[in-house]
Amino acid sequence: MATKKAINLKGIFYSAISLVWIFGLSAIGHISMVLIEKYNPAIKFDFGWGCAIVGILIIYMTRFVKSDSWQSFWGVLGGLGMWFAFEYSLMYGGDRMGVTYTFNGSYPEYRIMKWTFMLLLMVFTYLLFQESVRCNFIYYLRRKLRLMRGVVATGKISNYGPRTAFQYIMVTWTFYVLLMIGYDEQLFGPQSWFIYTLFFASFSVFFYLCYKLLSYDKFGANLKYAIPTVTILWNDVEILAKWGMLKEPWVHINWPIMSVIIAGFCVSTYLIVKDLRRKKAEMIESKDVV
Amino acid sequence: MKHWKVLPVVLMILFLAGSSQAEEKSSKETHAEKVKAMEDTFWAASKAGNTVKGIIVEGNSFFNGTTAPQDKPYTEEELLAAKISAERNSKLFILAEDGTLYYPTCKKGQSVSQSDQAHRIPRVLTEEQKKEGMFTWSNMVPLTGRKVELYGEIYTGYAGVKGIHIKSIYYEGEYLVGE
């Protein structure tokens, strides 16, 4: 668990940049898939394999990174690469099996993903009982369900990269499964109490997580905790689109809006990289003094 | 290896650029040109009466006589059941205005194939529909029970049921009901 501090301007700056970066990354990820499908669908499965290889390589290379902030940065990208590969593998599976779209428009790959809910539950059960896992939400559940048998695991974590990648994958997977279960007309449906509750809960929890995020003033922790914060907000974006109240700019390729998102992503990337380099330089200087 | 961190990004960009270039070489026609050609072909065929106009019907309930969309439109209940069956892969057909039944199929000569209702079909849009930013493709399942106009290759088929390899589709309104 990262150390929390009182909210200050630095925390607000780091949180805002992290939120913009993660949101931009998700939007760019979506539009990349849409553009490939529209202009060059022949490459999509090769692209999926490329993402898997690059994702695994990035996660492997975090082994040589010392700074936890850089670890989080690369961990997010590694997780995104592997997640892309997962989606493309389901697309390929859907294509091979001739899975259709649903009548309310859900894509075949997400229909298949919905039925991984039992696998998700098994992984979640493992995380819940694995006492060295320090995820805030899982730790909260462990405390409330009285699952702790000893003291909380402490000590410095040195592999934030793979952990962040895994967090990205788990959070994205969980919310896709939840949304798809909710969209299923034979279970709940887009206009059901389930989706309304999910919409309301996501909206409220987003603000709570933003508040919590403000108390971290290092990119290492901020980027990591911005993942669930943005993904929870993304639920609302997806639900609004499903209700027909929002035309997602990354699905309908709205370049003016996408340009703003891409510009935000570029600026936030620049600020993150600049800050991480400055911190690295400071560390080297302080070592020289010692 | 001071800047090794940029390596994955460079790899990804090279990979994407290589793939798109390969595709570019194989087809000099841009996406916009393809769409334009598809639309022109469709409207010309529509004007000449070479398109199929009809409604998309669900095969199981149609062939076992549970529903009779040839006599009266689906009721709300029947339509929901037909859509659920369609997304469970019950085959969809096109019941044309002249009473002919069309079975959507792949291009003649293709040996290994799959159900056509798993595919996206390029959608022809009017200028008004384009302005509204409507979906540029459609899948048949959400269109179950709706009136459509199709352009494609027509095959003789068997016992009065014809085959159609759909190349483009036109219909009024949004792709998904409620949008």
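All values reported here derive from a predicted model rather than from experimental measurement.

> So what exactly am I meant to see when it comes to the overall build of chain B here?
Of regular secondary structure, chain B possesses 5 helices and 7 strands. In sequence order, the secondary structure elements of chain B are arranged as α-α-β-α-α-β-β-β-α-β-β-β. Expressed as a percentage of its 179 residues, the buried residues of chain B come to 41%. Long-range contacts, defined here as pairs at least 24 residues apart, represent 68% of the contacts in chain B between residues at least 6 apart. Surface summary for chain B: the accessible area is close to 10,300 Å², and the carbon and sulfur share equals 57%.

> I would appreciate a short explanation of the pattern of salt bridges in the present structure.
Note on pairing: side chains with opposite charge can pair once their charged atoms come close. All names here are of chain B. Tallying each qualifying case throughout the model produces 12 salt bridges over all chains. For E97, the salt bridge identified is with K147, shortest N-O distance 3.7 Å. Pair noted here: E97 is in the loop between β2 (92-96) and β3 (101-104) and K147 is in strand β6 (residues 147-158), with a separation of 50 residues, a long-range link.

> I tried to follow helix α5 (residues 117-129) of chain A on my own but got confused; where do I start?
Residue and element names in this part refer to chain A. Between its first and last C-alpha, α5 extends 18 Å over 13 residues, near the 18 Å set by a 1.5 Å rise per residue. If you check which residues of α5 are buried, you get L120, L127 and L128. An end-on view of α5 places all buried positions within 100° of arc, on one side of the element. Exposed residues pointing more than 90 degrees away from the buried face of α5 are listed as M122, Y126 and F129.

> When you look at the sheet that holds strand β7 (residues 161-170) of chain B in this model, what are you seeing that I'm missing?
Working definition: the strands of a sheet are paired by backbone hydrogen bonds and lie parallel or antiparallel to each other. All names here are of chain B. Strand order in the closed barrel formed by 5 strands is β1-β2-β3-β7-β6, with mixed pairing between adjacent strands. Strand-to-strand twist in this sheet, taken as the mean axis angle between neighbours without regard to direction, amounts to 50°. Where β6 and β7 come together, 8 bridges link them in antiparallel fashion. Counted as the bridge partner of Y151 is S168 from β7. Sitting on the sheet, helix α2 (residues 31-47) touches β6 and β7, and the angle it makes with β6 is about 80°.

> Help me out: how do you make sense of the side chain of H165(B) in this one?
In this structure, H165(B) sits in strand β7. With near-sequence residues (within four places) excluded, H165(B) lies in contact with T105(B), C106(B), K107(B), Y151(B), G152(B), E153(B) and Y155(B).

> Would you mind showing me how to read the side chain of T231(A) here?
Mapped onto the secondary structure, T231(A) falls in helix α9 (residues 219-242). Ignoring sequence-local partners within four residues, the contact set of T231(A) consists of V171(A), T172(A) and F175(A).

> What is the right way to look at a nonpolar patch on the surface in this model?
All names here are of chain A. A contiguous nonpolar patch, built from I7, L9, I12, Y208 and Y211 and spanning about 560 Å² of accessible area, is present on the exposed surface. Listing elements by their share of the nonpolar patch, those giving two or more residues are α1 (9-39) and α8 (193-213). Here I12 is to be found in helix α1.

> Where do I start with the confidence of the model for chain A in this structure?
Close reading of the predicted structure is inappropriate where its pLDDT is low. Confidence in the prediction of chain A, expressed as mean pLDDT, is 89, and 95% of residues score 70 or more. Ranking the elements of chain A by mean pLDDT puts helix α10 (residues 255-289) of chain A last, at 83, and helix α4 (residues 108-114) of chain A first, at 96.

> I'm lost on the interface of chain A and chain B in this one. Help?
A common measure of how large an interface is: the accessible area buried when the components associate. Opposite the 39 residues of chain A that make contact, chain B presents 36 residues. Between chain A and chain B, roughly 3,200 Å² of surface is buried when both sides are summed, and carbon and sulfur atoms account for 63% of that area. Together, Y101(A), F103(A) and Q186(A) form the three largest contributors to the area buried by chain A at its contact with chain B, with a combined 23%. Our count for the contact surface shared by chain A and chain B stands at 1 salt bridge. In this structure, E174(B) and K247(A) form a salt bridge, with 3.4 Å as the shortest nitrogen-oxygen distance. Between chain A and chain B we count 11 residue pairs in polar contact (both at pLDDT 80 or more) in total. Broken down by secondary-structure element, the contributors of at least two residues to the side of chain A that touches chain B are α1, α2 (44-61), α3 (68-97) and α10 of chain A. With 8 residues, α2(A) is the largest single contributor of residues to the side of chain A that touches chain B. When grouped by side-chain class, the residues that make up the side of chain A that touches chain B number 20 nonpolar, 10 polar and 9 charged.

> Can you help me understand the packing of helix α7 (residues 160-183) of chain A against α8(A) in this one?
Think of two packed helices as two axes; the pair is described by the angle between the axes and how far apart they sit. Residue and element names in this part refer to chain A. Where α7 contacts α8, the two axes come as close as 8 Å, and the packing angle between them is 145°. In the packing of α7 onto α8, the handedness of the crossing is left-handed. Of the residues in α8, those in contact with L178, L179, G182 and Y183 of α7 are F194, I195 and L198. Here the contact of α7 with α8 is composed, by residue class, of 6 nonpolar, 1 polar and no charged.

> Sorry, what's going on with unusual backbone geometry here?
Phi at R146(A) is positive, roughly 55°, even though this residue is not glycine. Looking at the element boundaries, R146(A) is found in the loop between α6 (136-144) and α7. Classification of R146(A) by relative accessible area gives exposed; the value is 75%. Located in the positive-phi region is A159(B), a residue other than glycine, with phi close to 50°.

What counts, and where the lines are drawn
- Residues numbered from 1 in each chain as written.
- Chains lettered and ligands numbered in written order.
- Predicted model: local features only at pLDDT ≥ 70, side-chain atom pairs only at ≥ 80, totals over all residues.
- Heavy atoms only, no water.
- Helix = DSSP H or I, 4+ residues; strand = E, 2+ residues; numbered from the N terminus.
- Buried < 20%, exposed > 50% of the residue type's maximum accessible area, 1.4 Å probe, protein only.
- Contact = heavy atoms within 4.5 Å.
- Areas by Shrake-Rupley, 256 points an atom, 1.4 Å probe, with all protein chains shown as cover.
- Salt bridge = Lys/Arg side-chain N within 4 Å of Asp/Glu carboxyl O.
- Expected span 1.5 Å × (residues − 1).
- Arc of directions from axis to C-beta.
- Pairing = 2+ DSSP bridges.
- Axes fitted to C-alpha atoms, helices over the stretch in contact; angles between N-to-C directions.
- Patch = residues over 30% accessible without salt bridge, like charges linked within 9 Å, V, L, I, M, F, W, Y side chains within 5 Å.
- pLDDT = per-residue confidence, 0-100.
- Buried area = accessible area lost by both parts, 1.4 Å probe.
- Polar contact = N/O pair within 3.5 Å; in protein donor to acceptor, adjacent residues only side chain to side chain.
- Nonpolar A, V, L, I, M, F, W, Y, C, P; charged D, E, K, R; others polar.
- Left-handed = near helix turned anticlockwise from the far one by under 90°.

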